[in-house]
Amino acid sequence: MTRLLIVLLILVGAGLAPAAAQGWDPRDAADVSGYEKLIRRSNEGVEAFLEKDPSLQAFFNEAYGFVIFPRVGKGGIGIGYARGRGVVYRNQTPQAKAYLTQYSLGAQLGGRSYAEIIFFRDQFEYDEFLNGDFSFRADAAAVISTDGAGAATDYSNGVAVFTRERGGAMVDASLGGQRFKVEAFEE
């Protein structure tokens with residue numbers, strides 16, 4: 001009975017990890033629209049990436065465009081799920097909302113929260129992303145953003161991906177792919 005209770009608590013905790021990562025933020029109490037909140041969080045996410053690794057400024061300056069997911073929640077026990085909302089930028093200007101989902105299978109336990117940014121070297125990859133045709137190639141890998149990581153990283157197949165840990169604890173040796181959806185901002 002105790003083992004069953006522990007397993008149920010772990011399952012519930014893992015299932016709630018993504019929701020908690022996307023949870024209520026006191027800053028959301030302000031009377032602003034949903035897309036303004038998302039843009040504010042995304043801008044704060046950009047600042048956090050640059051604070052952690054100032055060498056990423058070169059990517060912001062040179063990339064055709066980028067998408068940032070300031071809060072991605074991931075949780076799992078054997079089967080994992082991650083989700084996040086973000087903003088697509090071109091010329092440092094918000095263009096659209098983006099959604100990230102990921103299902104994974106493998107050795108994983110727990111939950112974590114992270115931020116992710118994808119830089120597009122040129123218009124081709126950027127347009128693929130906007131049109132829903134974008135997918136990571138087999139050799140795409142995310143670089144954990146640390147001081148100087150941006151200077152030591154280059155594009156792979158036209159994209160560069162960086163992540164920044166936000167919190168949580170998760171043992172993860174799983175396989176899974178990210179899917180993206182892009183929508184225009186509603187006025």
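Refer to the structure printed above.
Residues numbered from 1 in each chain as written. Predicted model: local features only at pLDDT ≥ 70, side-chain atom pairs only at ≥ 80, totals over all residues. Heavy atoms only, no water.

Enquirer: Would you take a moment to explain the overall build of the protein chain for this structure?
Expert: Scanning the protein chain from N- to C-terminus turns up four helices and four strands. For the protein chain, the sequential pattern of α-helices and β-strands runs α-α-α-β-β-α-β-β. Taking all 187 residues of the protein chain together, 41% fall into the buried category. The long-range fraction of contacts in the protein chain, counting pairs at least 24 apart against all pairs at least 6 apart in sequence, stands at 73%. Summed over its atoms, the accessible surface of the protein chain is roughly 10,100 Å², and 56% of this surface lies on carbon and sulfur atoms. (Helix = DSSP H or I, 4+ residues; strand = E, 2+ residues; numbered from the N terminus. Buried < 20%, exposed > 50% of the residue type's maximum accessible area, 1.4 Å probe, protein only. Contact = heavy atoms within 4.5 Å. Areas by Shrake-Rupley, 256 points an atom, 1.4 Å probe, with all protein chains shown as cover.)

Enquirer: What should I look at first to understand the nonpolar core in this one?
Expert: Inside soluble globular proteins, nonpolar side chains tend to come together where they are buried. Counting 19 residues, the largest nonpolar core has Phe66, Ile117, Phe119 and Phe162 as its most contacted members. Counting only elements with at least two residues in this core, the list comes to α2 (34-52), α3 (57-62), β1 (65-90), β2 (93-120) and β4 (159-183). Excluding residues within four positions of it along the chain, isoleucine 117 makes contact with Phe49, Phe60, Phe66, Val67, Ile68, Ala160, Val161 and Phe162. With 17 residues, the next largest nonpolar core counts Val67, Ala98, Phe129 and Val159 among its residues. (Core = buried A, V, L, I, M, F, W, Y, C linked by side-chain atoms within 4.5 Å.)

Enquirer: Explain the pattern of salt bridges to me, please; I cannot follow it from the model alone.
Expert: Opposite charge on two side chains makes pairing possible when the charged atoms of those side chains draw close. Under the counting rule described, the total for this entry stands at four salt bridges. One salt bridge connects glutamate 183 with lysine 97, and the closest N-O pair in it is separated by 3.7 Å. A residue pair is termed long-range when its members are at least 10 positions apart, and glutamate 183 in strand β4 and lysine 97 in strand β2 qualify at 86 residues. Accessibility expressed as a relative area gives 24% for glutamate 183, which makes it partly exposed. Close ionic contact of arginine 112 with glutamate 165 constitutes a salt bridge, the shortest N to O distance being 3.1 Å. With arginine 112 in strand β2 and glutamate 165 in strand β4, the pair connects residues that are 53 residues apart, well separated along the chain. For arginine 112, a relative accessible area of 22% puts it in the partly exposed group. By relative accessible area, glutamate 165 is classed as partly exposed at 39%. Salt bridges here are not isolated pairs; linked through shared partners, they connect Lys97, Lys181 and Glu183. (Salt bridge = Lys/Arg side-chain N within 4 Å of Asp/Glu carboxyl O.)

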